[in-house]
Amino acid sequence: MLRITGFISGLVNGLLGTGGGIILVTATKIMGVKPKVAHATALTVILPLCLVSIVMYFKNGHLEVLPAVLVGIGGTLGGFIGAKLLKKTPDTWLKILFGITTIVLGVMMFRR
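### As for the nonpolar core
Phase 1: Ranked by size, the top nonpolar core spans five residues in total: L24, V25, A42, I46 and L49.
Phase 2: Elements represented by at least two residues in this core include exactly helix 2 (20-30) and helix 3 (35-59).
Phase 3: Sorting elements by how many residues they give to this core places helix 3 first, with three residues.
Phase 4: In contact with A42, other than residues within four places in its own chain, are G21, L24 and V25.

### Points about the packing of aromatic side chains
Phase 1: Evaluated as defined, the whole model comprises zero aromatic pairs.
Phase 2: In this structure, K29 packs its charged tip against the face of F98, placed 4.9 Å from the ring centre.

### Focus: the side chain of S9
Phase 1: Looking at where S9 falls in the secondary structure, it is placed in helix 1 (residues 2-16).
Phase 2: Not counting chain neighbours up to four residues away, the residues in contact with S9 comprise G20, I23, L24 and L49.

Reading the values: the criteria
Residues numbered from 1 in each chain as written. Predicted model: local features only at pLDDT ≥ 70, side-chain atom pairs only at ≥ 80, totals over all residues. Heavy atoms only, no water. Core = buried A, V, L, I, M, F, W, Y, C linked by side-chain atoms within 4.5 Å. Buried < 20%, exposed > 50% of the residue type's maximum accessible area, 1.4 Å probe, protein only. Helix = DSSP H or I, 4+ residues; strand = E, 2+ residues; numbered from the N terminus. Contact = heavy atoms within 4.5 Å. Phe/Tyr/Trp six-rings, centres within 6.5 Å; stacked < 30°, edge-to-face > 60°. Lys NZ or Arg CZ within 6 Å of the ring centre and 35° of its normal.

Okay, structure coming up:
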């Protein structure tokens, strides 16, 4: 089951440039993994998926390096702060924030 989940998240991540983490977090939670462990596991798995996707996007001419680097700097800082906050965030709030974020982003994508 874990290999299938990994394959699907990699497929979605490569195709859409995002979304693999959402699949991994949701699937691992369904399998009974604690929320904080599910989030950390998803991030660990997403790194190699993203690296492969970056190489493929770059090879196909779909990557603008400067904007990616600038967003990456902000993302790195945000990721560091978010990981620190994760330790202090109760699981219930983590589930609520994850659900709200997923819904809001989904609605925003459909509206555009």
